[in-house]
Amino acid sequence: MSAASAPALPQTCCPTIWMWPGHAMYAGPGLGLAAHSGSVWCLVVGVDEPVTVVAAGATTVARRVLVPPRLLHQLSTRGAIVSCYFEPGSARSESCRRQFGDTDGAVGRDHANERILTVLPHDDAAARRWLDLGAPEAEHRLDSRIEAATKQIRDDPAATARTLAEAAGLSESRFLHVFRQETGTSLRRYRMWSMLMAAGASMAAGLNLTSAAADAGFASPSHLSDRFKSTFGLSATKLFASGVAIRTPTGL
């Protein structure tokens, strides 16, 4: 389904992306996503009606679903959605996962807090409230070596596995194993997530796709576009054609 055929959103809301360090949220129409495989945990709430997720031969229909990293899936809905992406291994990622007591295969269904269905976020404060309801902050810490590695990757996505492993005091193979164990995703996918977040922040600051791609370390704008579509299920061009606004609030 195209953005044009989606039901009209409330007058107080336009399609919006919020980006915080390690997390991102989209609120708006479903946009007709193609099959894709994300790098991080993704909580999706159907605001107007249930969403449908098809993955690994199973179909899940629910108002609230949690899609894990690295799962090829297709998500569809006829109404507005809120999608929240959590950095692997983060406190919010862990707390969100604990909210789901039921699964259809790999997909979680029916978040414990139904209040996250009551409103589509329309400003920074509402987005933060939604985030706190969907994924409450909780006490959780990564292995300190992996926490340092994730920070280094965010600062320098080109950092090699060997460099990161040496900084962690581990062999490269052991580092890659512990990284996946702690974060739930691979180093390659985490690096791509960090690059996409950096590109999004650059576009929010006013850079065009070409400049944002270069700043984030992509080989070309087409490389960014390909990775964007494989991660989120639609092209960056289609997303921006919807009139989406990108917000980078502080204080998370």
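Refer to the structure presented above.
Residues numbered from 1 in each chain as written. Predicted model: local features only at pLDDT ≥ 70, side-chain atom pairs only at ≥ 80, totals over all residues. Heavy atoms only, no water.

**Student:** Hey, could you run me through the sheet that holds strand β4 (residues 51-55) in this one?
**Tutor:** Strand pairs in the sheet, formed through backbone hydrogen bonds, run parallel or antiparallel to each other. Reading across the sheet, the three strands line up as β5-β4-β7 and stay open at both edges, with antiparallel pairing between neighbours. Unpaired on one side and paired on the other, β5 (58-62) and β7 (73-76) mark the two borders of the sheet. On average, each strand axis in the sheet is inclined to that of its neighbour by 15°, with strand direction left out of account. In terms of strand pairing, β4 meets β7 through four bridges, oriented antiparallel. Counterpart to T52 in the pairing with β7 is S76. (Pairing = 2+ DSSP bridges. Helix = DSSP H or I, 4+ residues; strand = E, 2+ residues; numbered from the N terminus. Axes fitted to C-alpha atoms, helices over the stretch in contact; angles between N-to-C directions.)

**Student:** Would you take a moment to explain the packing of aromatic side chains for this structure?
**Tutor:** For any pair of aromatic rings, the description rests on two quantities: the centre-to-centre distance and the angle between the ring planes. Scanning all chains against the criterion turns up five aromatic pairs. Their ring planes at 75° and their centres at 5.6 Å tell us that F179 and Y190 sit as a pair that is edge-to-face. Taken as a pair, F179 in helix α5 (residues 172-183) and Y190 in helix α6 (residues 187-204) lie far apart in primary sequence, eleven residues in all. We classify Y190 as buried; its relative accessible area is 1%. (Phe/Tyr/Trp six-rings, centres within 6.5 Å; stacked < 30°, edge-to-face > 60°. Buried < 20%, exposed > 50% of the residue type's maximum accessible area, 1.4 Å probe, protein only.)

**Student:** Before we go on, may I ask you to explain the environment of P221 in this structure?
**Tutor:** Take P221: it is sitting in helix α8 (residues 221-232). Classification of P221 by relative accessible area gives partly exposed; the value is 28%. Considered as a pair, P221 and T210 are eleven residues apart in the sequence and their alpha carbons are 5.1 Å apart. Beyond its immediate chain neighbours, meaning those up to four positions away, P221 contacts T210 and A213. (Contact = heavy atoms within 4.5 Å.)

**Student:** Please clarify how the packing of α6 against α8 should be interpreted in this entry.
**Tutor:** How two helices sit against one another is set out by the angle between their axes and by the gap between those axes. Packing of α6 against α8 leaves a shortest axis separation of 11 Å and a crossing angle of 110°. In terms of orientation, α6 and α8 fall into the roughly perpendicular class. Judged by the twist between their axes, the crossing of α6 over α8 is left-handed. Each of M192, W193, L196 and A199 in α6 lies in contact with α8, whose residues at this interface are H223, L224, R227, F228, T231 and F232. Partitioned by chemical class, the residues of the contact of α6 with α8 number seven nonpolar, two polar and one charged. (Parallel < 35°, antiparallel > 145°, perpendicular 65-115°, else oblique. Left-handed = near helix turned anticlockwise from the far one by under 90°. Nonpolar A, V, L, I, M, F, W, Y, C, P; charged D, E, K, R; others polar.)

**Student:** Sorry, what's going on with the pairing of strand β6 (residues 64-67) here?
**Tutor:** In summary, the side chains of a regular strand alternate between the two faces of the sheet. Every second residue of β6 is oriented toward a common face, with R64 and L66 on one face and V65 and V67 on the other, all of them buried. As judged from the four bridges shared by strand β3 (residues 41-46) and β6, these two strands associate in the antiparallel manner. Bridging from a neighbouring strand, C42 pairs with V67 of β6. Bridge analysis of β6 against strand β10 (residues 107-111) gives two bridges, and the strand direction is antiparallel. Residue pairing across strands places L66 opposite G108, the latter belonging to β10.

**Student:** Is there a simple way to think about the pattern of salt bridges in this case?
**Tutor:** Here the idea is simple: oppositely charged side chains can pair when their charged atoms come close. Within the structure shown, the criterion is met by nine salt bridges. For R64, the salt bridge goes to D110, with nearest N and O atoms at 3.7 Å. Here R64 is found in strand β6, whereas its partner D110 is found in strand β10, with 46 residues between them in sequence. The exposure class assigned to R64 is buried, which follows from its relative accessible area of 7%. Note that R154 is salt-bridged to E87, the shortest N-O span being 3.0 Å. With R154 in helix α3 (residues 144-155) and E87 in the loop between β8 (80-86) and α1 (91-98), the pair connects residues that are 67 residues apart, well separated along the chain. (Salt bridge = Lys/Arg side-chain N within 4 Å of Asp/Glu carboxyl O.)

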